Amino acid sequence: MLDSDLAKLYECANGTKTINQAVKRNIEKFPEDFYYQLTNEEYLNLKS
C-alpha cells in the first residue's frame, strides 16, 4: 500500500504530506517494516 492509498483511505486533506508527516513524527510507534521509500526505478515500474 502506498502513501497515496493511505491518504485516500483516511481522507487526508493534504494528501500524502499528512501521512508522511505523521509517520516521521511518530516513527517509534510503527513496526520497523511499515515504512520504506521506493527508488525512482521501483516507482516507475509501478506505473507500467
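Anything mentioned here points back to the structure above.
In this text the structure is predicted, and so the values were computed from the model without any measurement.

Looking now at the packing of aromatic side chains. Two aromatic rings, taken as a pair, are described by how far apart their centres are and by the angle between their planes. Within this structure, the stated rule accounts for one aromatic pair. Here the aromatic rings of Phe-30 and Phe-34 are separated by 4.7 Å at their centres, their planes lie at 25°, and the arrangement is stacked. A relative accessible area of 27% means that Phe-30 is categorised as partly exposed.

All right, on to unusual backbone geometry then. A positive phi angle, close to 50°, is found at Glu-11, a residue other than glycine. By secondary structure assignment, the location of Glu-11 is in the loop between helix 1 (3-9) and helix 2 (16-25). Glu-11 gets classed as exposed once you look at its relative accessible area, which sits at 71%.

With that settled, consider the environment of Thr-39. Mapped onto the fold, Thr-39 is located in the loop between helix 2 and helix 3 (40-47). For Thr-39 and Tyr-10, which are 29 residues apart along the polypeptide, the C-alpha to C-alpha distance reads 25 Å.

Thresholds, definitions, all that
Residues numbered from 1 in each chain as written. Predicted model: local features only at pLDDT ≥ 70, side-chain atom pairs only at ≥ 80, totals over all residues. Heavy atoms only, no water. Phe/Tyr/Trp six-rings, centres within 6.5 Å; stacked < 30°, edge-to-face > 60°. Buried < 20%, exposed > 50% of the residue type's maximum accessible area, 1.4 Å probe, protein only. Helix = DSSP H or I, 4+ residues; strand = E, 2+ residues; numbered from the N terminus.

So yeah, pure geometry; function would need other evidence.
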